[in-house]
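# Topology and contacts: notes
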Amino acid sequence: MVDVRIAPAVARDYLGIAALDRLAWPAAPNTFIPDGEHIWRVWSDTATLLVARVADDQRHLSESHDIACALVMFPTQQGELFLHKVMVHPVCRGSGIGTQLMQAALNLAATPVLLTVDPANHGAVNLYQKLGFSVREHIRGFYRPHEDRYLMVHPGSPG
């Protein structure tokens, strides 16, 4: 298992998180717009921002950024939390870091946690179910007419 340090993000992390955001998602046209460093600063006022770092001898990340994984989870008007993004550096995928970071976030959640996922992304749906999420709703045309999503919910940590 990879030696991971999970901690709340701090101001000096925002540029690294924004860089990871651009790197972590597919570069398919018209499907994703990464968030800039400024939005991470805005979210820091109300959201849970967590980062995972790996030990220096275990990482092969860029020299300027040591963040292997990051996530943002913010409160909704309905009193739940919404897990908006989980980003894993490409060289760290498959190592379990993303799962560890999600579990850390879920352990902090005293209320239900929501997320959306492409129903065709069976690997992600299975992972979320293993973490305790269930499908609340299948939403057709969530982003655009051809982009359906499952709205999944986790009950939150009991204590």
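The structure we're discussing is the one just above.
Let me sum up the structure you'll find in this document. (Residues numbered from 1 in each chain as written. Predicted model: local features only at pLDDT ≥ 70, side-chain atom pairs only at ≥ 80, totals over all residues. Heavy atoms only, no water.)

### A few points about the overall build of the protein
Within the protein, the regular secondary structure consists of four helices and seven strands. When the helices and strands of the protein are placed in sequence order, the string is β-α-α-β-β-β-α-β-α-β-β. Split into buried and exposed, the 159 residues of the protein put 41% on the buried side. Taking all contacts inside the protein whose residues are at least 6 apart in sequence as the whole, residues at least 24 apart take part in 61%. (Helix = DSSP H or I, 4+ residues; strand = E, 2+ residues; numbered from the N terminus. Buried < 20%, exposed > 50% of the residue type's maximum accessible area, 1.4 Å probe, protein only. Contact = heavy atoms within 4.5 Å.)

### Thoughts on the pattern of salt bridges
Scanning all chains against the criterion turns up six salt bridges. Across the pair Asp-13 and Arg-53 runs a salt bridge, and its minimum N-O distance is 2.2 Å. Note that Asp-13 is positioned in the loop between strand E1 (4-8) and helix H1 (14-24) and Arg-53 in strand E2 (residues 48-54), a separation of 40 residues in sequence. Here Asp-13 and Arg-53 have matching classes, each one buried. We note a salt bridge from Asp-66 to Arg-53, for which the minimum N-O separation is 3.0 Å. Taken as a pair, Asp-66 in the loop between E2 and strand E3 (67-75) and Arg-53 in strand E2 lie far apart in primary sequence, 13 residues in all. (Salt bridge = Lys/Arg side-chain N within 4 Å of Asp/Glu carboxyl O.)

### With respect to the sheet that holds strand E5 (residues 113-117)
Taken together, the seven strands give an open sheet; going across it, the order is E1-E2-E3-E4-E5-E7-E6, and neighbouring strands pair in mixed fashion. Of all the strands in the sheet, the pair left with one neighbour each is E1 and strand E6 (134-139). The sheet shows a mean angle of 25° between the axes of neighbouring strands, taken without regard to direction. Both E6 and strand E7 (residues 149-154) contribute to a ladder of five bridges, which runs antiparallel. Counterpart to Glu-137 in the pairing with E7 is Leu-151. (Pairing = 2+ DSSP bridges. Axes fitted to C-alpha atoms, helices over the stretch in contact; angles between N-to-C directions.)

### Some details on the packing of aromatic side chains
Taken as a whole, this structure holds three aromatic pairs when the rule is applied. Here the aromatic rings of Phe-74 and Phe-82 are separated by 5.8 Å at their centres, their planes lie at 40°, and the arrangement is tilted. Each ring, one from Phe-142 and one from Tyr-143, has its centre 4.7 Å from the other, and the planes form 90°; the classification is edge-to-face. Take Phe-142: its relative accessible area is 33%, and that puts it in the partly exposed class. Residue classification places Tyr-143 among the partly exposed positions, given a relative accessible area of 49%. (Phe/Tyr/Trp six-rings, centres within 6.5 Å; stacked < 30°, edge-to-face > 60°.)

### Considering the nonpolar core
Nonpolar side chains tend toward joint burial in soluble globular proteins. Core analysis: the biggest nonpolar cluster contains 27 residues, and Leu-71, Ile-97, Met-102, Val-113, Leu-115, Tyr-128 and Phe-133 have the highest contact counts within it. Sorting the residues of this core by element identifies E2, E3, strand E4 (81-88), helix H3 (97-108), E5 and helix H4 (122-130) as the ones contributing at least two each. Considering every element that reaches this core, the biggest residue donor is H3, with five residues. Ala-9, Tyr-14, Val-51 and Val-72 belong to the second-largest nonpolar core, a separate cluster that totals 15 residues. (Core = buried A, V, L, I, M, F, W, Y, C linked by side-chain atoms within 4.5 Å.)

### Here we look at the side chain of Lys-85
Considering the arrangement of structural elements, one finds Lys-85 in strand E4. A distance of 2.8 Å separates polar atoms of two side chains, one belonging to Lys-85 and the other to Asp-21. (Polar contact = N/O pair within 3.5 Å; in protein donor to acceptor, adjacent residues only side chain to side chain.)

### Focus on H1
Along H1, eight of the eleven residues are buried, which leaves the element largely enclosed by surrounding structure. Tyr-14, Gly-16, Ile-17, Ala-18, Ala-19, Leu-20, Asp-21 and Ala-24 are the residues of H1 that are buried. Those residues of H1 that are buried are in contact with helix H2 (37-43), E2, E3 and E4.

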